[in-house]
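# Chain and residue survey
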Amino acid sequence: METMESLIVTVNRIQRACTVLGDHGGDAALPTLWEALPSVVVVGGQSSGKSSVLESIVGRDFLPRGSGIVTRRPLVLQLHKTEQGIKEYGEFLHLPKKKFTDFSMVRKEIQDETERMTGKSKQISPVPIHLSIYSPNVVNLTLIDLPGLTKVAVEGQPESIVQDIESMVRSYVEKPNCIILAITPANQDIATSDAMKLSREVDPAGERTFGVLTKLDLMDKGTNAIDVLEGRAYPLLHPWVGIVNRSQADINRNVDMIASRQKEREFFATSSDYGHLASKMGSEYLAKVLSQHLESVIRARLPGITSLINKSIEELEAELSHLGRSVAVDSGVAQLYTILELCRAFDHIFKEHLDGGRPGGDRIYAVFDHQLPAALKKLPFDRHLSLQNIRKVISEADGYQPHLIAPEQGYRRLIDGALSYFRGPAEASVDAASSLLKAAFSCYLELRVHSLYQKSIAFSFFKSSSSSVTISFLQVHFLLKELVRRSIAETQELKRFPTLQAEIAAAASEALGRFREESKKTTLRMVDMESLYLTVDFFRRLPQEVEKGENPTSSSADRYAESHFRRIGSVVYSYVGMVSDTLRNTIPKAVVYCQVREAKQSLLDHFYIQLGKMEGKQLAKLLDEDPALMERRQQCVKRLELYKSAMDEIDSVSWSR
């Protein structure tokens, strides 16, 4: 059968596990179990008698005392009832194997542990101290003692201390599973009580609040607190409990706590004001009623806590699966296999971009279908084939002896000159754009390359005529590098390894550079071939310039007439147009073959060769993870351990329904 003790002890163990594994609540980045656990939180102003109440419940003098803020860290006080005859002792979570039988040493350890976290300043810290006390004179109960509320900062405290303490206390009492133990001295106006003011704000109906009146024996003669204790002056759902603290003289004389309890019982039993309430007054009654209420709250909340634990375990396991396991301890062979798998994952996404599974390949097609034809149309053939230039070229080609029938050398020079526009500024353009890019950009910023490239080409050749060949292989090169960048960013498995990301990006960039150079050679070679061997059939199909019966040498003046040069210009323009149509079709094929095809088939081949030569330390360096990710994984592992241990604790409790 389930007992009160087993439920409270189970929650105690879970609370201890929370502290060990770093769950103190208030962490939005991770699911928190601490805030879901029912707890009794002791709230009161400084000098309200908070410490005396706790010591009365425990039956031991163990808390630090002094002026100002004495409690500067939350104290999770877990009371465990033992069999009679067993010696009392205390045990701290941070010193799990050390039993304190001298409770003055417990007080000293609380002070020392507080200073280890906050220093000797008067700062506060939200990290709790866990103290378990085992005694036959206590009930099973967990109390959380918080710094006393204050209204002003004293010397040595920051100005924000008032707000800092209130924020800490509020973070505890705002939880719906928190039972508020509001301590108020009876010799103070209840309307000015810091504890009651705060509890009323977070629990306006008084459903979670237990009111405690201390120092009843110090009230002025002729006055009493009956209206408060009977719930008329300040009604709460739960009854008020009166406490008589040890006097300062008793504390100074080290009067035994057991004797103090007896003195408290006698006060209420013999009091004319409170005698009828004596059975429901005193620290022993308070401990008993709190223990019973805490047990009932735990019983009611347990299904919800179990559901939260199961849900959080699923979420944490899913996140850890997404983050992946740590590969730092793997062997060299296993690390090499991991790197190859990551490279294959990247390569798969890169190919999807090219083949249409993801966006990107369509932009390469746009280069061939729109930008290349537009660039070809902009080439300045009209200037080259002006009458003035044609006359000049023909005359220079003829030399001292005029041509007889057709100016073949002149034709060849005009065609060579026109075709050079396909190639002319190409190499200079590529070199200029490449050098500018290397100086100004990393491979991750090349989305802006095209606009910068357009602005940077300012050569003696025609500024407005960007090279058609350059348009093809250089822009495709930039697009491929952009697809590499996007593929790396979209490869989820790679996000853990920034060093490997950078190495893959560098290897891919180097490979694309080689493919670009090969594409450049191939496309420029195609332009050169058009210049070196003209298509003879084109000229054979042209109408004969010399009409039948005409003496070709009768009038040399006719061979230099304007109409003659216009016909030459028209023929050359037609031939260049035919070559332009040919290049429009063949350049994309060369670029795809040399760049796109090679990128799909062998983008990381050279990198794979280098990997095969690496030793274990070099491979491990490639698998260095993002520190933030490693920290997140460690946090999730610890939090998952907490939830699983909490589930084990709950499962270990058997009860009958």
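Residues numbered from 1 in each chain as written. Predicted model: local features only at pLDDT ≥ 70, side-chain atom pairs only at ≥ 80, totals over all residues. Heavy atoms only, no water.

## Considering the sheet that holds strand S6 (residues 141-145)
Note the cut-off: Two strands are counted as paired when DSSP detects at least two bridges linking them. Here a strand is any run of E in DSSP of at least two residues, a helix any run of H or I of at least four, and the numbering for each starts at the N terminus. For this analysis, residues touch if any pair of their heavy atoms sits within 4.5 Å. Each axis is a line fitted through C-alpha atoms, taken for helices only over the stretch in contact, and angles between the N-to-C directions span 0 to 180 degrees.
Ordered in space as S4-S3-S5-S2-S6-S1-S7-S8-S9, the nine strands form an open sheet in which the pairing is mixed. Strand pairing shows two members of the sheet lacking a second neighbour, strand S4 (95-100) and strand S9 (241-242), which therefore form its edges. Where strand S7 (residues 178-185) meets strand S8 (residues 209-214), six bridges bridge the pair, whose relative direction is parallel. When the sheet's bridge partners are listed, Ala-182 is paired in S8 with Gly-211. Those strands touched by helix H2 (residues 50-58) are strand S1 (39-44), strand S2 (75-81), strand S5 (129-135), S6, S7 and S8, and its axis lies near 160 degrees from that of S6.

## A few points about the packing of aromatic side chains
We apply this condition: For Phe, Tyr and Trp, rings pair up if their centres lie within 6.5 Å, where Trp contributes its six-membered ring, and each pair is then called stacked (planes under 30 degrees apart), edge-to-face (over 60) or tilted (otherwise). Using a 1.4 Å probe on the protein chains alone, a residue whose accessible area is under 20% of its type maximum counts as buried, one over 50% counts as exposed, and one in between counts as partly exposed. We call a charge positioned above a ring when the Lys NZ or Arg CZ atom is no farther than 6 Å from the ring centre and deviates by at most 35 degrees from the ring normal.
Considering all chains together, one arrives at seven aromatic pairs under this definition. Measuring from ring centre to ring centre gives 6.3 Å for Tyr-234 and Trp-240, while their planes differ by 85 degrees; the resulting arrangement is edge-to-face. In terms of burial, Tyr-234 and Trp-240 fall into one category: buried. Through a chain of ring-to-ring contacts, the aromatic side chains of Phe-267, Phe-268 and Tyr-274 assemble into a single cluster. Positioned above the aromatic ring of Tyr-89 is the side chain of Lys-99, whose terminal nitrogen or guanidinium carbon lies 4.6 Å from the ring centre. The positively charged end of Arg-597 is found above the aromatic ring belonging to Tyr-593, 4.4 Å away from the centroid.

## A look at a nonpolar patch on the surface
Put simply, the test is: In this scheme, patches are assembled from residues that exceed 30% relative accessible area and form no salt bridge. Like charges are connected within 9 Å, while nonpolar side chains (Val, Leu, Ile, Met, Phe, Trp, Tyr) are connected within 5 Å. For every accessible area listed, the method is Shrake-Rupley and the probe measures 1.4 Å; residues are considered covered only by the protein chains on display. A pairing counts as a salt bridge when a side-chain nitrogen of Lys or Arg comes within 4 Å of a carboxyl oxygen of Asp or Glu.
Together, Leu-532, Tyr-533 and Val-536 make up a nonpolar patch on the protein surface, roughly 370 Å² of accessible area in all. Mapping Val-536 onto the fold places it in helix H19 (residues 536-540). On the basis of relative accessible area, Val-536 is assigned to the partly exposed category, the value being 37%.

## Thoughts on the pattern of salt bridges
Working definition: two side chains of opposite charge can pair if their charged atoms are close together. As enumerated under the stated definition, the model contains 27 salt bridges in all. As a salt-bridge pair, Glu-201 and Arg-170 come within 2.8 Å of each other at their nearest N and O atoms. Of this pair, Glu-201 sits in helix H5 (residues 194-202) while Arg-170 sits in helix H4 (residues 161-173), placing them 31 residues apart in sequence. Measuring nitrogen to oxygen at the nearest pair gives 3.0 Å for the salt bridge that ties Glu-201 to Lys-197. In this pair, Glu-201 and Lys-197 are both assigned in helix H5, four residues apart and thus about one turn of the helix distant. You can call Lys-197 exposed: its relative accessible area is 52%. Among the ionic contacts, a cluster of salt bridges with common partners joins Glu-55, Asp-61, Arg-107 and Arg-246.

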